[in-house]
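One letter stands for each residue in the lines below.
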Amino acid sequence: MDSSLRSGAEAALDSSVVVDDAVRTGARPPARLLVSRALAVLGAVVTLIGVTLLAACWRDDLMIEQRLGKATAEVVSVSFQRTVVRFATPDGAVHSPSQGLLYPDGLEPGQLVRVEYDTADPEVARVAGRTAVLALLPIGTFLLAVWAVLAPLIWWLGGQGSVRQRRSSTV
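Residues numbered from 1 in each chain as written. Predicted model: local features only at pLDDT ≥ 70, side-chain atom pairs only at ≥ 80, totals over all residues. Heavy atoms only, no water.

### Quick notes on helix α3 (residues 31-66)
As a reminder, the rule being used: In this description a helix means any DSSP run of H or I spanning at least four residues, a strand means any run of E spanning at least two, and both kinds are numbered starting from the N terminus. In this analysis, the expected span of each helix is defined as 1.5 Å times one less than the number of residues it contains. For every residue, the accessible area obtained with a 1.4 Å probe (protein chains only) is divided by the maximum for its type, and the residue is called buried under 20%, exposed over 50%, and partly exposed between those limits.
With 36 residues, α3 extends 52 Å between its outermost C-alpha atoms, agreeing within 8% with the 52 Å of an ideal straight helix rising 1.5 Å per residue. Along α3, the residues that are buried comprise Leu 33, Ser 36, Leu 39, Gly 43, Gly 50, Leu 54, Cys 57, Asp 60, Asp 61 and Ile 64.

### Some details on the sheet that holds strand β4 (residues 112-118)
Rules: Should DSSP find at least two bridges between two strands, the strands are taken to pair. Pairs of residues are marked as contacts when any of their non-hydrogen atoms sit within 4.5 Å. Note on geometry: axes are C-alpha line fits, over the in-contact stretch for helices, and angles between N-to-C directions span 0 to 180 degrees.
Overall, antiparallel pairing links the five strands, which are arranged β3-β2-β1-β4-β5 in an open sheet. Edge positions in the sheet fall to β3 (94-95) and β5 (121-127), since each of these pairs with one other strand and no more. Alignment of strand β2 (residues 83-88) against β3, held across two bridges, turns out to be antiparallel. By the bridge assignment, Phe 87 is partnered in β3 with His 95. The strands that α3 touches are β1 (68-78), β4 and β5; relative to β5, the one it contacts most, it runs at about 105°.

### Regarding the nonpolar core
Rules: As used in this record, nonpolar core signifies buried Ala, Val, Leu, Ile, Met, Phe, Trp, Tyr and Cys residues forming a set joined through side-chain atoms within 4.5 Å.
Residues Ala 71, Ala 73, Val 75, Val 85, Phe 87, Leu 101, Leu 107, Val 113, Val 115, Tyr 117, Ala 125 and Val 127 constitute the largest nonpolar core, which totals twelve residues. Those elements that provide at least two residues to this core are β1, β2, β4 and β5. Ala 71 has contacts with Phe 87, Ala 88, Val 113, Arg 114, Val 115 and Tyr 117, leaving out every residue within four places of it along the chain. Listed in part, the seven residues of the second largest apolar core include Leu 54, Ala 132, Ile 139 and Leu 143.

### Quick notes on unusual backbone geometry
Glycine aside, residues mostly have negative phi, and peptide bonds are mostly found in the trans state. In this structure, Tyr 103 is a non-glycine residue whose phi angle is positive, near 55°. Mapped onto the fold, Tyr 103 is located in the loop between β3 and β4. Under the relative-accessibility criterion, Tyr 103 is labelled buried at 11%.

### Points about the pairing of β1
Here β1 pairs with β4 via seven bridges, running antiparallel. Its bridge partner being in β4, Glu 74 is matched across the sheet by Leu 112. Bridge count for β1 against β2 is five bridges, and the pairing is antiparallel. Bridge pairing in β2 places Val 75 opposite Val 85. Counting the residues in the hairpin turn of β1 and β2 gives four residues.

### Some details on the packing of aromatic side chains
The criterion, for reference: Aromatic pairing here means that ring centres of Phe, Tyr or Trp (its six-membered ring) are within 6.5 Å. Orientation follows from the plane angle: under 30 degrees is stacked, over 60 is edge-to-face, and everything else is tilted. By definition here, charges over rings are those cases where NZ of Lys or CZ of Arg is within 6 Å of the ring centre and within 35 degrees of the ring normal.
Evaluated as defined, the whole model comprises one aromatic pair. Seen in terms of ring centroids, Phe 87 and Tyr 117 are 5.1 Å apart; in terms of plane orientation they differ by 35°. Their pairing is tilted. With Phe 87 in strand β2 and Tyr 117 in strand β4, this pair connects stretches of sequence that are 30 residues apart. Here Phe 87 and Tyr 117 have matching classes, each one buried. In this structure, Arg 32 packs its charged tip against the face of Trp 156, placed 4.4 Å from the ring centre.

### Points about the UniProt feature "transmembrane region" (unreviewed entry) in the protein chain
So the rule is basically this: UniProt positions are given in the numbering used here, feature names are shortened, and annotations may be inferred rather than shown by experiment.
According to UniProt, the positions carrying the feature "transmembrane region" (unreviewed entry) are residues 38-58 and 133-157. Measuring from the first to the last C-alpha atom of residues 38-58 gives 30 Å, for a span that is 100% helix and 0% strand. Segment residues 133-157 splits into 100% helix and 0% strand. End C-alpha atoms: 36 Å apart.

### Quick word on the environment of Gly 140
Its location among the elements puts Gly 140 in helix α4 (residues 133-170). Spatially, the C-alpha atom of Gly 140 lies 9.6 Å from that of Leu 54, the residues being 86 residues apart in sequence.

### Looking at the pattern of salt bridges
The line we're drawing: Counted as salt bridges are all cases of a side-chain nitrogen of Lys or Arg within 4 Å of a carboxyl oxygen of Asp or Glu.
Throughout the structure, instances matching the rule amount to six salt bridges. Across the salt bridge formed by Asp 61 and Arg 126, the nearest N and O atoms sit 2.9 Å from each other. Here Arg 126 lies in strand β5 and Asp 61 lies in helix α3, a separation of 65 residues in the sequence. Using a relative accessible area of 4% as the deciding quantity, one classes Arg 126 as buried. Among the salt bridges present, the one from Arg 126 reaches Glu 65, with a minimum N-O distance of 3.6 Å. Here Arg 126, found in strand β5, pairs with Glu 65, found in helix α3; they are 61 residues apart in sequence, far enough to count as distant. What makes Glu 65 partly exposed here is its relative accessible area of 46%.

Below you can see the structure in the form of structure tokens.
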């Protein structure tokens, strides 16, 4: 047998190399890798919430467009969480959606504004002419910012550990 083959076979059977490989493969993933995976899951959950929010906006718009009612509403109050309006439907009932008005940007208390609502459920109302397209920019920008922060962190935490493991396994 060739001496170079024999020395290669001996190195492959060296118990210290076998033990090192066994320890390396049986060990838990490093904490950095676990954190990078947790950040990836967090990013996926935030993305899912954003996409669900957009889908809910489109569903509300579809409900309004299928059974369209129009009215003039008075803006009662404006806060960060919701804009409360009051409007009357043709049957004489006065409605004030408990969740507020959809797409209320730029409204002020006391202002009169045209609204569109779902005649089957007047709790779903929006400012006339505004649609879910207005939600694309803020939600899209937020998701872009989230991934602009998370992606480098995930790469740095997960990718660096993989490079280190590959280097040590080749030595």
